[in-house]
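Architecture and fold: a report
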Amino acid sequence: MAAAGAEAAAVAAEEEKRLPEGDPESGGDSEDEGDSDSSGDGEDEEKENEAEIQRLEEQLSINAFDYNCHLDLIKLLRQEGELVKLRRARQKMSELFPLTEEIWLDWLKDEIKMASESSEREKVYELFERAVKDYICPEIWLEYAQYSIGGIGQEGGIEKVRSIFERALTAVGLHVTKGTALWEAYREFENAILETAQPAPGSVPSSEQQQMLCSQLEKIHMLFRRQLGIPLLDMEASYAEYEEWSEDPIPETIIKNYKKALQQLEKCKPYEEALLGAETPKLAEYQAYIDFEMKAGDPARIQLIYERALAENCLVPDLWARYNQYLDRQLKVKELVLSAHDRAVRNCPWTVGLWIRYLLAMERHRVDHSIISEMFEKALNAGFIQATDYVEIWQAYLDYLRRRVDFTQDSSKELEELRSAFARAVEYLKQEVEERFSESGDPSCTIMQNWARVEARLCNNMQKARELWDNIMTKGNAKYANMWLEYYNLERAHGDTQHCRKALHRAVQCTSDYPEHVCEVLLTLERIEGTLEDWDAAVQKTENRLARVNEQRAKAAEKEAALAKQEEEKAEQRKQARAEKKASKKAKKTRIGDKRKADDDDEGEWGQEEEAEQPSKRHKGDGDGELLEEDMEVETGLFGRSGPEKPDGPANQKEKASTSRKDIPKVLHDSSKDNVTVFVSNLSYNMADPEVKLKDLFESCGEVAEIRPVFSNKGTFRGYCYVEFKEEKSALQALGLDRKVVEGRPMFVSPCVDKNKNPDFKVFRYSTTLEKHKLFISGLPFSCTKEELEDVCKAHGNVKDIRLVTNRAGKPKGLAYVEYENEAQASQAVLKMDGLTVKEHVIKVAISNPPLRKVPDKPEAGRASQFAVPRQVYGARGKGRTQLSMMPRALQRQSNPVAKAENGMVQNSPATSSEHPEEPKKMSNADFAKMLLKK
């Protein structure tokens, strides 16, 4: 029956495959002939798909490790029904990568439809065997078991099905949430066999039939009892089913095991619920679950939870490393250990640590040398991201080859292989690695050092060791004392005194970092083993060398001291110039301020005449203390006469508003409320009523106690303010409004921190270190939007976030950061997108690795910055084209300086200089007039 069903399914699949090619039943000829446009569109789509398939195949021929390209090709081939090409594409991908559960299930279902003969069924069985090795997936095991039931009619079919079910239970039978389905499927299979073994109604079963029935019943009993001893979801339903099915009462031991499993399930439930509620990748939840199982100490359960975590996080190298370490140290089962290591390097081929552990595991389990060498060659082609990774993998392989050599023999095949591997490693790092990374990754020549040690200590070949060390020194290492001392120690242990002396004499001559140390070692050698002539030669050489070194150091110190002195003199000159300028500026302000005071005692005719000529001036107060009521900020005529009044236009209204703000008393910032206050900056200077605008915006975060915008001395808004809340949680929630666009500019919201107390405080939201899952893109057109960039990037992986970099005004800078789910997707995106043309702009794409942020040196106390430029003071008419003022200098007026508000806090003016300039004589209006008449 099963075979016939499978054959019928295959025939149906074959017919379905032929239907689109013109079978009358397909309905293709029944369509109206006028519907030719639809068929034309289909042909165009088919041609486009064929061209895309060809392009993807060419791309894979260039880069076979393009994971997303494999997925796209398989999807298109399956859509087009190219079964032969589809099978080949899946085969190639499975050789390079472990396939996910979805890919395997699609592949298996396609193959099952086409498998009609027994030989084809065997190929499907082989495919299932490959599928269950990639990841431990309950769905694939269940599909495998159910498919095997179709071959029950063949010889040994029942036993084969039972064997697959038992393997499935061993692999995933402990799965808390999905294991129950396998147990139930196994029981249903055994119940079906029990039904077929029942005698016909009314007949008496023979002893053989009776024995077979009892055996089958015992199998079902055993399945129930095994399942009830494992903590699984819906255990209560399984227990109730067993009670109903069994004619005999359940044994006490089974009930005891069942209750124990229930208790264990209650302990597991919090971890399972955490996994259900968590978002991908759930690493923290899985790690907590693993720690819980590790304390319990059941190896099978530990292995299963690791496998569950890896099925969802197969591209996390650290998780693979921890799992493999557990298997290496605890389980030590060859097949299990090597399978896990193989899957690890196939999932994360860029991680050198996984390859090294794999080589060690194969050596530990005595895998054939040819297989280990083949695996090492695969590691070299894995595409590591650092030059040092290649040094590490070479060193691990050379260690393995060294352990294979029997050094009691003068010569052997293994020794020659080791030497040739050392030579190949040096050449590989020099050519392949240096060409790719512009560095060999081994500046200290550690591989050549180890080679020299092997030759000297294990092969007693000091001549070869000396040649190697001579090569090491010619690669720029001769100036380092530690390199010479390494060579000296090797000569001391395995060479002779003559070569030790020769090496130290060269070291004294060449070392530039610590020559005293090398000289001391040479003198110690001659003190113990040298003759008088050797001692004298060593003393003379070391003294001459140290004398030259000290002379060079003295010259360098003098040069440095001279430079420092020059810098101090320049700084002192700048300081003195600033002090003089400050004093003159202050004297000038004092002089102008005194001139503007009216002196009633010195008033003469000119004062009376001026009063008569200016009737518009009004007097205020009594006769003895008359004061002119005059706005000192209004630009005046040549002799102090007011100009014509301007009408109240918009500019005047704005000026009036600014003037009204000038009269508002400044409020000191209370630093004790910093925890409920946020600092808002980068706002538009033209914002009208910032209190009202910002209050509407920030009330969504909580009750606002006060908004304090900061205004300049002229009353204009300075673009920043303080927002004080009633509660601290509201202030924390307000930080989420950072970078929100307000009136065309990104608004900056940061914690309120007193920079005087915390000068180093700086808020920077983004990472400044290497992020392998994030890309930095430059050269973008300014018109490129976030959605357009996402359309370009999502073709190469799952994009988690995109950030377009803008300036303070919110204008794009042509830069962006794109975050992918994992390192593999980011690496593929770099390969595909670097050099891509976007809106006629060629973009550059690289892994995000911002340069270190330079922290400027703090200036000395009381010393201004070297590059500080004094602000230019202009005349009464402001900055003109000729930079000249048409007002006589003696009549130019300046308002008294007002302390500027910075960050909402009024700063005290600096202390006045101890040297006060002589105060000028006070002058009245009459004195001004007499002075002008004399000119």
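Criteria and thresholds
- Residues numbered from 1 in each chain as written.
- Predicted model: local features only at pLDDT ≥ 70, side-chain atom pairs only at ≥ 80, totals over all residues.
- Heavy atoms only, no water.
- Helix = DSSP H or I, 4+ residues; strand = E, 2+ residues; numbered from the N terminus.
- Areas by Shrake-Rupley, 256 points an atom, 1.4 Å probe, with all protein chains shown as cover.
- Buried < 20%, exposed > 50% of the residue type's maximum accessible area, 1.4 Å probe, protein only.
- Contact = heavy atoms within 4.5 Å.
- Pairing = 2+ DSSP bridges.
- Axes fitted to C-alpha atoms, helices over the stretch in contact; angles between N-to-C directions.
- Patch = residues over 30% accessible without salt bridge, like charges linked within 9 Å, V, L, I, M, F, W, Y side chains within 5 Å.
- Salt bridge = Lys/Arg side-chain N within 4 Å of Asp/Glu carboxyl O.
- Lys, Arg positive; Asp, Glu negative; His and termini not counted.
- Charge placed at Lys NZ, Arg CZ, Asp CG, Glu CD.
- Parallel < 35°, antiparallel > 145°, perpendicular 65-115°, else oblique.
- Left-handed = near helix turned anticlockwise from the far one by under 90°.
- Nonpolar A, V, L, I, M, F, W, Y, C, P; charged D, E, K, R; others polar.
- Phe/Tyr/Trp six-rings, centres within 6.5 Å; stacked < 30°, edge-to-face > 60°.
- Lys NZ or Arg CZ within 6 Å of the ring centre and 35° of its normal.
- Polar contact = N/O pair within 3.5 Å; in protein donor to acceptor, adjacent residues only side chain to side chain.
- Core = buried A, V, L, I, M, F, W, Y, C linked by side-chain atoms within 4.5 Å.
- Expected span 1.5 Å × (residues − 1).
- pLDDT = per-residue confidence, 0-100.

For the rest of this paragraph, the subject is the overall build of the protein chain. Along its length, the protein chain carries 33 helices and 15 strands. Within the structure as shown, the protein chain displays about 57400 Å² of accessible surface, and the carbon and sulfur contribution to it stands at 50%.

Looking at the secondary structure, you find Ile-193 in helix H9 (residues 179-197). With a relative accessible area of 14%, Ile-193 lands in the buried category. Residues Ile-193 and Leu-213, 20 residues apart in the sequence, show an inter-C-alpha distance of 9.7 Å. In this structure, Ile-193 is in contact with Ile-158, Arg-162 and Gln-216, ignoring residues within four places of it in sequence.

Moving on, we get to the sheet that holds strand E13 (residues 844-848). Taken in spatial order, the four strands of this open sheet run E9-E10-E8-E13, and their pairing is antiparallel. On the outer flanks of this sheet lie strand E9 (799-806) and E13, each paired with one strand and no other. Going across the sheet, the axis of each strand differs from the next one's by a mean of 25°, ignoring polarity. Pairing analysis gives four bridges linking strand E8 (residues 771-778) to strand E10 (residues 812-820), with the strands arranged antiparallel. When the bridges of E10 are listed, Phe-776 appears paired with Tyr-817. Across the sheet, helix H31 (residues 786-793) touches E8, E9 and E10, and the angle it forms with E9 is around 135°. Of the strands in this sheet, E8, E10 and E13 touch helix H32 (residues 823-833), which is tilted by about 25° from E8.

Take a negative patch on the surface next. The grouping of Glu-43, Asp-44, Glu-45, Glu-46, Glu-48, Glu-50 and Glu-82 at the surface amounts to a negative patch. In this fold, Glu-45 is placed in helix H2 (residues 36-62). On the basis of relative accessibility, which here comes to 43%, the residue Glu-45 falls in the partly exposed class.

Tallied over the full model, the rule gives 42 salt bridges. The partner of Glu-122 in a salt bridge is Lys-160, and the shortest N-O contact between them spans 3.8 Å. With Glu-122 in helix H6 (residues 118-134) and Lys-160 in helix H8 (residues 157-172), this residue pair connects regions lying 38 residues apart in the sequence. On the accessibility criterion, Glu-122 (38% relative accessible area) is partly exposed. Its relative accessible area of 32% is what places Lys-160 among the partly exposed residues. Glu-455 serves as the salt-bridge partner of Arg-419, at 2.9 Å between the closest nitrogen and oxygen. Taken together, the residues span a long stretch of sequence, with Arg-419 in helix H20 (residues 413-437) and Glu-455 in helix H21 (residues 446-458) at a distance of 36 residues. Under the relative-accessibility criterion, Glu-455 is labelled buried at 2%.

What follows covers the packing of H21 against helix H23 (residues 481-494). It is the contact of H21 with H23, at a shortest axis distance of 10 Å, that shows an interaxial angle of 10°. Accordingly, the angle class assigned to the pair H21 and H23 is roughly parallel. Considering only the axes of H21 and H23, their crossing is right-handed. For the pair H21 and H23, contact is made by Gln-449, Ala-452, Arg-453, Ala-456 and Arg-457 and by Met-483, Glu-486, Leu-490 and His-494, respectively. Taken together, the residues that form the contact of H21 with H23 break down as four nonpolar, two polar and three charged.

In this section: the packing of aromatic side chains. Scanning all chains against the criterion turns up 31 aromatic pairs. Between Phe-128 and Tyr-144, the aromatic rings sit 4.7 Å apart at their centres with planes inclined by 5°, giving stacked as the arrangement. With Phe-128 in helix H6 and Tyr-144 in helix H7 (residues 138-149), this residue pair connects regions lying 16 residues apart in the sequence. A network of ring pairs unites the aromatic residues Phe-376, Phe-384, Tyr-390, Trp-394, Tyr-397, Tyr-400, Tyr-428 and Phe-437 as a single cluster. The ring of Tyr-125 has Lys-160 sitting right over it, with the charged end atom 3.5 Å from the ring centre. For Arg-739, the ring lying beneath its charged end belongs to Phe-748, and the centroid distance is 4.5 Å.

Residue position: Tyr-286 is located in helix H13 (residues 283-296). Sequence-wise, Tyr-286 and Ala-274 are twelve residues apart; in three dimensions their C-alpha atoms are separated by 9.0 Å. Excluding residues within four positions of it along the chain, Tyr-286 makes contact with Leu-275, Pro-281, Ile-305, Arg-308, Ala-309, Glu-312 and Asn-313.

Here we come to the sheet that holds strand E5 (residues 717-725). As summarised here, the arrangement of the five strands in space is E4-E5-E3-E7-E6, forming an open sheet in which the pairing is antiparallel. The sheet terminates laterally at strand E4 (704-711) and strand E6 (740-742), the two strands that pair on one side only. Neighbour to neighbour, the strand axes of the sheet diverge by 30° on average, direction disregarded. Sheet analysis places E4 next to E5, joined by six bridges and oriented antiparallel. Residue pairing for E5: Arg-708 is matched across the bridge by Tyr-722.

With that settled, consider the side chain of Asn-49. The topology assignment puts Asn-49 in helix H2. Taking relative accessible area as the criterion, Asn-49 reaches 11% and is therefore assigned buried. A polar contact is formed between the side chain of Asn-49 and the side chain of Glu-80, at a distance of 2.6 Å. Contact partners of Asn-49, with chain neighbours within four places excluded, come to Leu-76, Gln-79 and Glu-80.

Here we come to the nonpolar core. Nonpolar side chains tend toward joint burial in soluble globular proteins. Judged by nonpolar contacts, the single largest core of 161 residues is most densely connected at Ile-140, Trp-141, Ile-393 and Trp-394. With ten residues, helix H19 (residues 387-404) is the largest single contributor of residues to this core. In contact with Trp-141, not counting residues within four places along its chain, are Val-132, Ile-164, Arg-167, Ala-168, Ala-171, Val-172 and Leu-182. Within the second largest apolar cluster, 21 residues are counted, among which are Val-680, Phe-717, Val-723 and Leu-737.

Moving on, we come to unusual backbone geometry. With an omega of 15°, the peptide bond running from Thr-280 to Pro-281 counts as cis. Residue placement: Pro-281 occurs in the loop between helix H12 (252-277) and H13. Positive phi, close to 60°, is recorded for Lys-332, a residue that is not glycine. Following the sequence through the fold, Lys-332 ends up in the loop between helix H15 (317-331) and helix H16 (334-347). On the accessibility criterion, Lys-332 (53% relative accessible area) is exposed.

Moving on: the pairing of E5. Of all nine residues in E5, eight are buried; the element is thus mostly enclosed. Here strand E3 (residues 677-681) pairs with E5 via four bridges, running antiparallel. Counterpart to Val-678 in the pairing with E5 is Val-723. Between the end of E4 and the start of E5, which pair antiparallel, lie five residues, with Gly-715 showing a positive phi angle near 90°.

Tracing the sequence through the fold places Thr-542 in helix H26 (residues 532-595). When its relative accessible area of 5% is taken as the criterion, Thr-542 is described as buried. Of note is the side chain of Thr-542, whose polar atom sits 2.9 Å from the backbone oxygen of Ala-538. With residues up to four places along the chain from it excluded, the contact list for Thr-542 reads Cys-519, Leu-522 and Leu-523.

Now for H8. Between its first and last C-alpha atoms H8 spans 22 Å; for 16 residues at 1.5 Å apiece the expected length is 22 Å, and the two agree. Taken together, the buried positions of H8 are Gly-157, Val-161, Arg-162, Ile-164, Phe-165, Ala-168, Leu-169, Ala-171 and Val-172.

In this model, the protein chain carries an average pLDDT of 80, and 76% of its residues clear a pLDDT of 70 or more. This model gives residues 1-34 a pLDDT under 50, and the stretch forms 13 contacts once residues within four places in sequence are excluded. Scored below 50 in pLDDT, residues 856-919 shows 74 contacts in the model against residues more than four places distant or in partner chains.

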